[in-house]
Amino acid sequence: MSESTMVSTFPRRQLWYLFKKEFHGFFLTPVAYVFTVIFLVLSMVFTFYLGNFFDRGQADLIPFFNFHPWLYLFFIPSLSMSLWALERQMGTIELLMTLPITKWQGVLSKFLAAWAFSGIVLVLTFPIWITVDYLGSVDHGVVLSSYVGSWLLAGTFLAIGCCVSVLTKNQIVAFLMTVLICFLFMVSDFPIVLDVFSEMPQSVVDFVVSLSMLQHFQAISKGVLALQDVLYFCLMIAVWLTATVILLEWKKAE
Amino acid sequence: MIELDAVSRSFNGRQVVSDLSFQVQKGEVLGFLGPNGAGKSTTMKMITGFLAPSAGHIQVAGINVAQSPVAVKMQMGYLPEGAPLYTDMEVGSFLKFIADIRQLRGIHRQKRLDEVVQQMELGAVWYQPIGTLSKGFIRRVGIAQALLHDPNILILDEPTDGLDPNQKHHVRQLIQELSHNKLIIVSTHILEEVSAVCNRAIIIHQGKKIIDDTPQALESRSRYYRAVSLRFDSHVDSGPIVSTLRHHAALGEIEQDHDHHVRVLSIDGQSILPTITELIRQHNWPVIDAYVERGRLEDVFRALTIEGADPNVLSASLHNKKVEVA
């Protein structure tokens, strides 16, 4: 057929255009501003009041980063809950998925936009770094490593949130389910999770323990940017995003 | 250009589209008709690559939709049912996003944006968030989005739903203007729209194709096809006239709306106007109006899609009738 010859070029830069749209999307509603302000305020409050930042008399950011997993536990799901649930609820998923894009481009663009946004919010906490450096000499390597770890942790939470968001049209359900799943992965080396696996072989228990996000995050925030911890987060992100792509095909029509 | 081959789709074991086959060529405007839930939208979603068929194949411009969905999507403009759009975005930034994704570049991109904005009269709302627009405007943004890359194939799911009569007219005109070098599929449940813009109509019912014909041929299946309506002067006693008409062998059934309005049905779609004018002349009846009806699509549609009717039986009987007429 002659028409088929017309399709010679494959669409290019689709991921970038989608990313741009998604990223701008955060700023079209108050979400981005509310998120940023509350996150920054809470992270400071936690550091200075609950973390005894001054009383410790140490020039490091351990009290600051220690609270990140707990802040993310509620902040990241609020960012990820709408990603797919809203598309499905509004029906715009049909518009989106009939544009000349692949499922991976759709999933990645949303994830990357949210991850980039969380990265910017993280960067905006820099005054505390300067403060600590002013008060005493800080190990910049450890701080940088902690920031990287924190961002990877945020990415993992987001990947989980993406996946859960595809499963429901209800944003509140997406939020709560994401909180729950993230919590379970955070504390998978605690009795709260391990008791469930107590009857299982030791290898299973070891595997569950090794999934603990808190452990991997703490390892990185001690200043050791070990390959296995970074790999853990990257693998988690990859697995959850792959699941998102698979579930998207299954769920989009409902 | 579009070819459906024994396409079926089921949701959770419920068959929504079953064994649907048809071909559409460039230049055709196909009206897709059927009651709510007949499978119109599901079929369109499969053609556009949003849904995969449970069975069967769909080819668009020689490309299998399931194998190369992106290549197919590039050539298509699609308005999904209900025109879902990103309500937080402004009209302008939304259309620019679509232009980018549709690979429009440079001067051509600006030219197409200008053209579409003019065509759909969106200039005044360019900076407005889509969510703040009226239903008519939202529908027009949805159509603009589908037209932007000047696709060879346009799939419009209820494009005039929610538009006022002027806007409906405008959209129909647009479809007609576009139709000479495109393939257009329009789903609708407004039957006048089919006569107005389509040169082919497919009626589907319970997921099956029951009619595939021109709108004119569909009208000819109506019992009112070529019926003659007569209106008399109000002083006249229509009784004797009706009785004369009723006993005339060449005329069909007589329907009387009220005393002074009579509708004479045709037999087997024969032209009866000459017979009736002759009668009027002979008896010197005081007729004010006399006109020939085109046939009512509503009628045909209802007959074919009445709840619980078996579409196979109906289509068979209609087919026979058509043979008789021919």
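No experiment lies behind these values; they were computed from the predicted model shown.

Caption draft 1: Here's a closer look at the overall build of chain B. Across its full length, chain B carries 12 helices and 14 strands. Seen through its C-alpha atoms, chain B measures out along the principal axes to roughly 75 × 45 × 30 Å. The buried share of chain B, reckoned over its 326 residues, is 52%. Counted over contacts in chain B with a minimum sequence separation of 6, partners at least 24 positions apart contribute 69%. Here chain B displays about 14,400 Å² of accessible surface, and carbon together with sulfur accounts for 48% of that area. Separation between the mean location of the 33 positive side-chain charges and that of the 37 negative ones in chain B comes to 5 Å.

Caption draft 2: Fine view of the nonpolar core. Core analysis: the largest hydrophobic core is formed by 162 residues, its most contacted members being Ile2, Val60, Phe94 and Ile185 of chain B. No other element matches the 13 residues that helix H9 (residues 140–167) of chain A contributes to this core. Leaving out residues up to four positions away in the same chain, isoleucine 185 of chain B has contacts with Ile2, Val24, Leu30, Phe32, Met44, Ile47, Leu154, Ile155 and Leu156 of chain B. Counting 15 residues, the second largest nonpolar core, distinct from the first, contains Val242, Ile254, Val264 and Ile276 of chain B.

Caption draft 3: Quick look at the pattern of salt bridges. All names here are of chain A. Enumeration over the complete set of coordinates arrives at 21 salt bridges over all chains. One salt bridge connects lysine 103 with glutamate 249, and the closest N-O pair in it is separated by 3.0 Å. Note that lysine 103 is positioned in helix H7 (residues 103–123) and glutamate 249 in helix H14 (residues 227–251), a separation of 146 residues in sequence. By relative accessible area, lysine 103 is classed as partly exposed at 30%.

Caption draft 4: Focus on helix H10 (residues 273–283) of chain B. Residues and elements named next belong to chain B. Taken together, the buried positions of H10 are Ile276, Leu279 and Ile280. Buried residues of H10, seen end-on, are gathered within an arc of 100 degrees and therefore sit on one face of the element. Residues of H10 that are exposed and angled more than 90 degrees away from the buried face: Pro274, Arg281 and Gln282. Note on H10: the residue one or two positions beyond its end, asparagine 284, has a positive phi of about 55 degrees.

Caption draft 5: Representation of the environment of alanine 114 of chain A in the model. Residues and elements named next belong to chain A. Relative to the assigned elements, alanine 114 resides in helix H7. Taking the C-alpha atoms as reference, alanine 114 lies 9.2 Å from phenylalanine 19; in sequence the two are 95 residues apart. Among all residues touching alanine 114, those that are not within four sequence positions of it are Phe26, Leu79, Leu83 and Leu158.

Caption draft 6: Expanded view of the packing of helix H5 (residues 82–90) of chain A against H9 of chain A. Residues and elements named next belong to chain A. With their axes 7 Å apart at the nearest point, H5 and H9 run at an angle of 20 degrees to one another. In terms of their interaxial angle, H5 and H9 are classed as roughly parallel. Relative to H9, H5 is oriented so that their crossing is right-handed. Residues Ser82, Leu83, Trp84, Ala85 and Arg88 of H5 lie in contact with H9, whose contacting residues are Cys162, Ser165, Val166 and Leu167. Considered class by class, the residues forming the contact of H5 with H9 number six nonpolar, two polar and one charged.

Caption draft 7: Local environment of the interface of chain A and chain B. Counting residues at the interface gives 32 residues for chain A and 33 residues for chain B. Together chain A and chain B conceal approximately 3,100 Å² of surface at their shared face, both sides included; 69% is due to carbon and sulfur atoms. Area buried by chain A at its contact with chain B is led by Glu94, Leu95 and Thr98 of chain A, which between them contribute 21% of it. Taken together, chain A and chain B are joined by one salt bridge. Taking the shortest distance from any N to any O, the salt bridge between lysine 45 of chain B and glutamate 94 of chain A comes out at 3.6 Å. When the residues that make up the side of chain A that touches chain B are grouped by side-chain class, the tally is 17 nonpolar, eight polar and seven charged.

Caption draft 8: Seen up close, the sheet that holds strand S3 (residues 29–33) of chain B. All names here are of chain B. Strand order in the open sheet formed by six strands is S6-S7-S8-S3-S9-S10, with mixed pairing between adjacent strands. For this open sheet the edge positions go to strand S6 (76–79) and strand S10 (208–213), each flanked by a neighbour on one side alone. Averaged over all adjacent pairs, the angle separating strand axes in this sheet is 15 degrees, with direction ignored. Sitting on the sheet, helix H6 (residues 165–178) touches S3, strand S7 (153–157) and strand S8 (183–187), and the angle it makes with S8 is about 155 degrees.

Caption draft 9: Region of the structure containing the side chain of arginine 109 of chain B. Assignment of secondary structure puts arginine 109 of chain B in helix H4 (residues 106–119). Contact partners of arginine 109 of chain B, with chain neighbours within four places excluded, come to Lys96, Ala99, Asp100 and Leu104 of chain B.

Caption draft 10: Looking closely at the packing of helix H1 (residues 14–28) of chain A against H7 of chain A. Residue and element names in this part refer to chain A. Interaxial distance between H1 and H7 falls to 8 Å at its minimum, and their mutual angle equals 45 degrees. Between H1 and H7, the crossing angle belongs to the class labelled oblique. At the point where H1 passes H7, the crossing takes the right-handed sense. On H7, the residues that touch Gln14, Leu15, Leu18, Phe19, Glu22, Phe23, Phe26 and Phe27 of H1 are Gln105, Gly106, Leu108, Ser109, Lys110, Leu112, Ala113, Ala114, Ala116, Phe117 and Ile120. By residue class, the composition of the contact of H1 with H7 is 13 nonpolar, four polar and two charged.

What counts, and at which threshold
Residues numbered from 1 in each chain as written. Chains lettered and ligands numbered in written order. Predicted model: local features only at pLDDT ≥ 70, side-chain atom pairs only at ≥ 80, totals over all residues. Heavy atoms only, no water. Helix = DSSP H or I, 4+ residues; strand = E, 2+ residues; numbered from the N terminus. Buried < 20%, exposed > 50% of the residue type's maximum accessible area, 1.4 Å probe, protein only. Contact = heavy atoms within 4.5 Å. Areas by Shrake-Rupley, 256 points an atom, 1.4 Å probe, with all protein chains shown as cover. Lys, Arg positive; Asp, Glu negative; His and termini not counted. Charge placed at Lys NZ, Arg CZ, Asp CG, Glu CD. Core = buried A, V, L, I, M, F, W, Y, C linked by side-chain atoms within 4.5 Å. Salt bridge = Lys/Arg side-chain N within 4 Å of Asp/Glu carboxyl O. Arc of directions from axis to C-beta. Axes fitted to C-alpha atoms, helices over the stretch in contact; angles between N-to-C directions. Parallel < 35°, antiparallel > 145°, perpendicular 65-115°, else oblique. Left-handed = near helix turned anticlockwise from the far one by under 90°. Nonpolar A, V, L, I, M, F, W, Y, C, P; charged D, E, K, R; others polar. Buried area = accessible area lost by both parts, 1.4 Å probe. Pairing = 2+ DSSP bridges.

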